[in-house]
Amino acid sequence: RSGFLSSKEVVSQNLVTENVSVVEGDTAIISCRVKNNDDSVIQLLNPNRQTIYFRDMRPLKDSRFQLVNFSDNELRVSLSNVSLSDEGRYVCQLYTDPPQEAYANITVLVPPGNPLIEARDQILQEGNQTEMTCTAMSSKPAATIRWMKGDKELPGKPRVELTYDKMYTVTSRLTFTVGREDDGVPVICIVDHPAVKDFQAQKYLEVQYKPEVKITVEFPQGLTREGENLELTCLSKGKPQPQRVSWVKVDDDMPPHAVIIGADLYIENLNKSYNGTYRCTASNSVGESFDDYVLYVYDSRAGEGAARAMDHAVIGGVVAVVVFAMLCLLIVLGRYFARHKGTYFTHEAKGADDAADADTAIINAEGGHTNSEEKKEYYI
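Cut-off values and rules
- Residues numbered from 1 in each chain as written.
- Predicted model: local features only at pLDDT ≥ 70, side-chain atom pairs only at ≥ 80, totals over all residues.
- Heavy atoms only, no water.
- Helix = DSSP H or I, 4+ residues; strand = E, 2+ residues; numbered from the N terminus.
- Contact = heavy atoms within 4.5 Å.
- Pairing = 2+ DSSP bridges.
- Axes fitted to C-alpha atoms, helices over the stretch in contact; angles between N-to-C directions.
- Phe/Tyr/Trp six-rings, centres within 6.5 Å; stacked < 30°, edge-to-face > 60°.
- Buried < 20%, exposed > 50% of the residue type's maximum accessible area, 1.4 Å probe, protein only.
- Lys NZ or Arg CZ within 6 Å of the ring centre and 35° of its normal.

Q: Which residues make up the environment of Gly 156, and what values do they have?
A: Within the fold, Gly 156 resides in the loop between β16 (152–154) and β17 (157–162). Once the C-alpha coordinates of Gly 156 and Leu 174 are considered, the two residues, 18 residues apart in sequence, prove to be 4.7 Å apart. Residues in contact with Gly 156, not counting those within four places in the same chain, are Trp 147, Ser 172 and Arg 173.

Q: Please provide a residue-by-residue account of the sheet that holds β16, values included.
A: One open sheet holds the 4 strands; their spatial order is β16-β15-β19-β20, and the pairing between them is antiparallel. Both outer strands of the open sheet, β16 and β20 (196–204), are each paired with one neighbouring strand and no more. Here the average twist between neighbouring strands, direction ignored, is 30 degrees. Of the pairings in the sheet, the one linking strand β15 (residues 144–149) to strand β19 (residues 186–193) comprises 6 bridges and is antiparallel in character. By the bridge assignment for β19, Arg 146 is matched with Ile 190.

Q: Give a detailed account of the packing of aromatic side chains, specifying residues and quantitative values.
A: Across all of its chains, the model carries 2 aromatic pairs by this definition. Ring geometry for Phe 54 against Tyr 95: centres 6.2 Å apart, planes inclined by 70 degrees, an arrangement best described as edge-to-face. Taken together, the residues span a long stretch of sequence, with Phe 54 in strand β7 (residues 51–54) and Tyr 95 in the loop between β10 (88–94) and β11 (100–109) at a distance of 41 residues. Between Tyr 296 and Tyr 298 the ring centres are 4.8 Å apart and the planes differ by 75 degrees, which places this aromatic pair in the edge-to-face class. Taking relative accessible area as the criterion, Tyr 298 reaches 32% and is therefore assigned partly exposed. Sitting over the ring of Tyr 103, Arg 89 keeps its end group 4.0 Å from the ring centre. Over the face of the ring belonging to Phe 290 we find Arg 279, whose NZ or CZ atom lies 4.0 Å from the ring centre.

Read these as layout, nothing more, since geometry by itself doesn't imply function.
Shown next as structure tokens:
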């Protein structure tokens, strides 16, 4: 005779109503609507089938029920300060032949109490496993609990208990291993329930861890040469903060000129006998850690040879270019002078090729010049 629609409406022939969910202490609205009324009387009954409203009259002496609207097509009633005892099936009734009925179920939601976080360990050490529980008490329906560590969700193991007053208590247990990166990170218990939003509690982790150690060179900035000074600083961080920092030379004694002041190591007037590994160790209540620095002392002029070799190479290259240019110039000049000198000798010997002896050649040569001049005069 009646059924549930996708809109959660309960329909019986001409009567329409809705199921209601309301938080304990709030107000519920019950509406009885008629699609096609033929002047029949509408009334509202409680789960015990006592009449709450007959038309616009309230026979039931409970002032929490108030008339919101009455017309031929609707009877709307409010119920304030709802309690668990008000849960049940309310009846909208239309006096026809036969009578028509539709049913509105009122569900009372009870929000859980403030979530409670309990931690097995207040102070943790890195690498250890810990356990936390979160409890959401006395809710209806049962709440669900989620866990977050920082921005990462972690899986918990829930347990649901039904109490004597028909309430639900949910407890979730979380187990995880901590690292140094978890120090100061909040673990958040988030309670999801239809009656509340953003219901959560959190607890910050306190994680102790052994020191982190790093050696830095304050001086010198470049090579460590003979005769120079060396200054090293040992940086350490841990929780609790390391109170003890020590320096040793591995497999050997410290140099006689070494001075240790707190976390700093000073060595004056370096020489090659100081070569070796220098170790800084820092410790706290959790443990100890160390870092090593390997010292190698170079010659006092180490690093300069490369620069000088480079300078010599540059100078040698310039000299080679100059020498090559001079050789080229000498070759060009030599060929130039040789060419002009050959021409001179050729003119000087002209006319002497047919002479029988040297004297005749000289005479012919001289005569040749005279003849030339005579010829010139003749032609003139």
